[in-house]
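Survey of secondary and tertiary structure
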Amino acid sequence: MARAGLTADRVVAAAADLADEVGFENVSLSALARGFGVKDASLYSHVRNLQDLRTRVAFLAGGELVDRIAVAVADRTDREALGAFADAYRAYALEHPGRYAATQIRIDQSLIAGSPALRRTAEITYGMLRAYGLEEPDLTDAVRLLRSTFHGYCALESSGGFGAPRDVQRSWERAVDALHVALTHWPREGQVE
């Protein structure tokens, strides 16, 4: 029987909080059960296993991240939208390191198809990039450029990887400016020799 008050949503939210405290890779069902004051077996009424829990945390975090980005980019286009998107992404990654790490895991494609948050992420991202006049396959390439740039920057910043005396915020702003230039002058498929 499930412990009173323990629900799948509470378990996932607690796992997300724990991920921010100890790191996503250190979240375990045992640690989570200890936090609730229950035995590990009590959690299996709410999540199938650790992989299921991690996937649910990834969806929770992905939804939080896209909500933040959606608010930031509303009624903005081009450079303003790109900057707002980038800043919201970076702020979430730095404020919620465990949750952010969850957004980077590989998730079964059959689960992704049914995720409203991931569909919304694609709609917002592709919508912002279409303002630059991009269409497929360039859209996919541009998404990969943005994701790898944002993720790489956030990963380096959060680990203290920027040792030069240059202000990290100023470098971030310049990187976003460079991305705007790249997107504005994107080499269309078949144009580059």
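For the structure itself, consult the block above.
Structure report, in brief. (Residues numbered from 1 in each chain as written. Predicted model: local features only at pLDDT ≥ 70, side-chain atom pairs only at ≥ 80, totals over all residues. Heavy atoms only, no water.)

Of the voids in this model, the largest pocket is the one considered here, and its volume is about 910 Å³. If you trace the largest pocket, you find 26 residues lining it, with Thr-103, Leu-118, Thr-121, Val-143 and Arg-147 closest to the centre. At the level of secondary structure, the elements contributing two or more residues to the lining of the largest pocket comprise helix H4 (50-73), helix H5 (78-95), helix H7 (109-112), helix H8 (116-130) and helix H9 (138-158). Sort the elements by how many residues they give to the lining of the largest pocket and H9 lands first, with six residues. Its residues assigned to classes, the lining of the largest pocket comprises 16 nonpolar, seven polar and three charged. (1 Å grid on protein atoms, 1.4 Å probe; cavity = no way out; pocket = protein on both sides within 12 Å on 5 of 7 lines; lining within 4 Å. Points joined across faces, edges and corners; volume = space filled by probe spheres on them. Helix = DSSP H or I, 4+ residues; strand = E, 2+ residues; numbered from the N terminus. Nonpolar A, V, L, I, M, F, W, Y, C, P; charged D, E, K, R; others polar.)

Counting across every chain of the model gives six aromatic pairs. A ring pair is formed by Phe-85 and Phe-150, whose centres lie 6.0 Å apart and whose planes are at 35°; its orientation type is tilted. Here Phe-85, found in helix H5, pairs with Phe-150, found in helix H9; they are 65 residues apart in sequence, far enough to count as distant. By the burial criterion, Phe-85 is buried, and Phe-150 matches it. Centre to centre, the rings of Tyr-89 and Tyr-100 are 5.5 Å apart; their planes meet at 80°, and the pair counts as edge-to-face. Pair noted here: Tyr-89 is in helix H5 and Tyr-100 is in helix H6 (residues 97-102), with a separation of eleven residues, a long-range link. Overall, Tyr-89 belongs to the buried group, its relative accessible area being 7%. (Phe/Tyr/Trp six-rings, centres within 6.5 Å; stacked < 30°, edge-to-face > 60°. Buried < 20%, exposed > 50% of the residue type's maximum accessible area, 1.4 Å probe, protein only.)

Core analysis: the biggest nonpolar cluster contains 34 residues, and Leu-82, Leu-129, Phe-150 and Leu-183 have the highest contact counts within it. The leading source of residues in this core is H5, at nine residues. Residues contacting Leu-82, with those up to four places away along its chain left out, are Met-128, Tyr-132, Leu-146, Phe-150, Val-176, Leu-179, His-180 and Leu-183. In this structure, Leu-6, Val-12, Ala-16 and Leu-29 belong to the second largest nonpolar core, which totals 21 residues. (Core = buried A, V, L, I, M, F, W, Y, C linked by side-chain atoms within 4.5 Å. Contact = heavy atoms within 4.5 Å.)

This brings us to the pattern of salt bridges. With the rule as written, the count across this model stands at eleven salt bridges. The partner of Arg-68 in a salt bridge is Glu-95, with the nearest N and O atoms 3.0 Å apart. Here Arg-68 is found in helix H4, whereas its partner Glu-95 is found in helix H5, with 27 residues between them in sequence. The exposure class of Arg-68 is partly exposed, given its relative accessible area of 28%. On the accessibility criterion, Glu-95 (48% relative accessible area) is partly exposed. Note that Asp-177 and Arg-79 form a salt bridge whose closest N and O atoms lie 2.8 Å from each other. (Salt bridge = Lys/Arg side-chain N within 4 Å of Asp/Glu carboxyl O.)

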